[in-house]
Amino acid sequence: EKPADPSEGFVFQYEVQLKEGLECGGAYVKLLTHSDSLKLTELDGDTPYSIMFGPDKCGNTNKVHLILRHKSPKTGKIEEKHLLKTPPLKMDKLPHLYTVVLKKDNTYQVLVDGEVGADGSLFEDFQPPINPPAEIDDPSESKPEDWVDAARIDDPDAVKPDDWDEDAPEEIEDPEATMPEDWQEDAPELVDDPEAEMPVDWDEEEDGEWEAPKIDNPACKTGCGKWTPPMIPNPEYKGKWYPPMIDNPEYKGPWKATQIPNPEYYDDKAPLENIGLVGAVAVEIWTMSHGLTFDNIMITTDEEVADDYGDRTWRKK
């Protein structure tokens, strides 16, 4: 009947079922920003939203998004604030319940199947942060070309020892190894199977000369063929020589720009008042999988109402 106001306490909840899994795609929804210009018949990816919430998976991404589209109370600039500690989505083919709670005290909860997957402060858990830093690096400054920020350097006085052999192999043949007495150097590793017989339907004129299949030579229990000693670590191996590291006498430490007041700084103590009223719920279809279903979408100001509704709908499934 009227737009929902996130600043008054806000609960959004819906079900998602991945009937054929989710290889790459989103099962999230956008809570569209209420305005006189909002036309639900002309939605696209650029339609303004206040909150984006729900599962997203592709490649290494596997998380339940929560994004607040926040308007700077100082400049009017709109910036997407992304929840950092996002829980993973459920990847089985059962229906799952996703809930986000935004509270008047500027805390939040993300629940999956009624269990808290993430919670905390709006001011601490989003990137970029809700409130920008009071000071920033002076953009007019840059690190001087002669600034030395390497704390350690190669010792310029060090030289490679004369007996250091960089070409010595890492492993050598064991000089103390001897060939086992029962090693058969002249015997082949494979021999004809003495029990094999030419098939009765084999025609040598058409099929060629028949040859018995090969089997492991029973005389090669220890080994056959040319014997070579086993390899052992080379006691003379040292590898590539590098000079030792020493403290850099010209080291100045990490360079830091001068901090100046941030011209876009603000302290928004009620950020939910600046994400906009919610006028509609939209499902943005972006997926490479079939069988995504959405059900029991609701908005309320009362967490108990959402819990009860989930028990009466999703939990029974």
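(A) Inspection of the pairing of strand S8 (residues 107-112) at higher detail. Within S8, 5 of the 6 residues are buried, leaving the element largely enclosed by the surrounding structure. Examined bridge by bridge, strand S7 (residues 95-102) and S8 share 5 bridges and lie antiparallel to one another. Its bridge partner lying in S8, Val-100 is registered against Val-110. Where S7 folds back onto S8 in an antiparallel hairpin, the turn is made up of 4 residues, including Asn-106, whose phi is positive at roughly 65 degrees. When S8 meets strand S9 (residues 115-121), the two strands line up antiparallel, connected through 6 bridges.

(B) Local environment of the environment of Leu-277. If you trace the backbone, Leu-277 turns up in the loop between strand S18 (259-261) and strand S19 (278-283). The sequence separation of Leu-277 and Glu-135 amounts to 142 residues, and the corresponding C-alpha distance is 31 Å. Aside from chain neighbours lying at most four places away, what touches Leu-277 is Pro-3, Ala-4, Asp-5, Pro-6, Leu-32, Thr-33, His-34 and Ser-50.

(C) Focus on the pattern of salt bridges. According to the stated counting rule, one finds 13 salt bridges in the structure shown. Residue Lys-81 is joined to Glu-79 by a salt bridge in which the shortest nitrogen-to-oxygen separation is 2.6 Å. The salt bridge partner of Asp-192 is Lys-214, with a shortest N-O separation of 2.7 Å. One end of the pair, Asp-192, is in strand S14 (residues 190-192); the other, Lys-214, is in strand S15 (residues 214-216), and 22 residues separate them in sequence.

(D) Examining the side chain of Asn-248 more closely. Secondary-structure assignment places Asn-248 in the loop between strand S17 (245-247) and S18. The class for Asn-248 is buried, based on a relative accessible area of 11%. Aside from chain neighbours lying at most four places away, what touches Asn-248 is Val-148, Ala-150, Ala-151, Arg-152 and Ile-153.

(E) Representation of the state of the cysteines in the model. Applying the stated criterion across every chain, the model contains 2 disulfides. Each sulfur in the disulfide pair Cys-24 and Cys-58 lies 1.7 Å from the other. Disulfide Cys-24-Cys-58: torsion about the S-S bond near -80 degrees, hence left-handed. Placement of Cys-24 in the loop between strand S1 (10-18) and strand S2 (25-26) and of Cys-58 in strand S4 (residues 49-58) is noted, with a sequence separation of 34 residues between them. In this structure Cys-58 comes out as partly exposed when scored by relative accessible area, which is 30%. Sequence-ordered numbering of the bonded cysteines in the chain yields a pairing of 1-2, 3-4.

(F) Here's a closer look at the nonpolar core. Counting residues in each nonpolar core, the largest one holds 29 residues, and the members touching the most others are Ile-51, Phe-53, Leu-66, Leu-102 and Tyr-108. Within the residue set of this core, elements represented by two or more residues are S1, strand S3 (29-33), S4, strand S5 (61-71), S7 and S8. Considering each element in turn, this core owes the most residues, 5 residues, to S1. Sequence-distant contacts of Tyr-108, that is, excluding residues within four places in its chain, are made with Leu-66, Leu-83, Lys-85, Val-101, Leu-102, Ala-118, Asp-119, Gly-120, Ser-121, Leu-122, Asp-125 and Phe-126.

(G) Examining a negative patch on the surface more closely. Side chains of Asp-201, Asp-203, Glu-204, Glu-205, Glu-206, Asp-207, Glu-209 and Glu-211 sit close together on the surface and give a patch of like negative charge. Along the chain, the position of Glu-204 falls in helix H1 (residues 204-207). Residue classification places Glu-204 among the partly exposed positions, given a relative accessible area of 43%.

(H) Layout of a nonpolar patch on the surface. On the surface, a cluster of nonpolar side chains totalling about 380 Å² of accessible area is made up of Val-281, Val-283, Ile-285, Ile-297 and Ile-299. Broken down by secondary-structure element, the contributors of at least two residues to the nonpolar patch are S19 and strand S21 (292-300). Looking at the secondary structure, you find Ile-285 in the loop between S19 and strand S20 (286-287).

(I) Highlighting the sheet that holds S21. Read across the sheet, 5 strands follow the order S9-S8-S7-S1-S21 without closing on themselves; strand pairing throughout is antiparallel. Unpaired on one side and paired on the other, S9 and S21 mark the two borders of the sheet. On average, adjacent strands in this sheet sit at an angle of 10 degrees to one another, irrespective of strand direction. Along the sheet, helix H2 (residues 303-312) makes contact with S1, S7, S8 and S21, crossing S21 at roughly 150 degrees.

What counts and how
- Residues numbered from 1 in each chain as written.
- Predicted model: local features only at pLDDT ≥ 70, side-chain atom pairs only at ≥ 80, totals over all residues.
- Heavy atoms only, no water.
- Buried < 20%, exposed > 50% of the residue type's maximum accessible area, 1.4 Å probe, protein only.
- Helix = DSSP H or I, 4+ residues; strand = E, 2+ residues; numbered from the N terminus.
- Pairing = 2+ DSSP bridges.
- Contact = heavy atoms within 4.5 Å.
- Salt bridge = Lys/Arg side-chain N within 4 Å of Asp/Glu carboxyl O.
- Disulfide = S-S within 2.5 Å.
- Core = buried A, V, L, I, M, F, W, Y, C linked by side-chain atoms within 4.5 Å.
- Patch = residues over 30% accessible without salt bridge, like charges linked within 9 Å, V, L, I, M, F, W, Y side chains within 5 Å.
- Areas by Shrake-Rupley, 256 points an atom, 1.4 Å probe, with all protein chains shown as cover.
- Lys, Arg positive; Asp, Glu negative; His and termini not counted.
- Charge placed at Lys NZ, Arg CZ, Asp CG, Glu CD.
- Axes fitted to C-alpha atoms, helices over the stretch in contact; angles between N-to-C directions.

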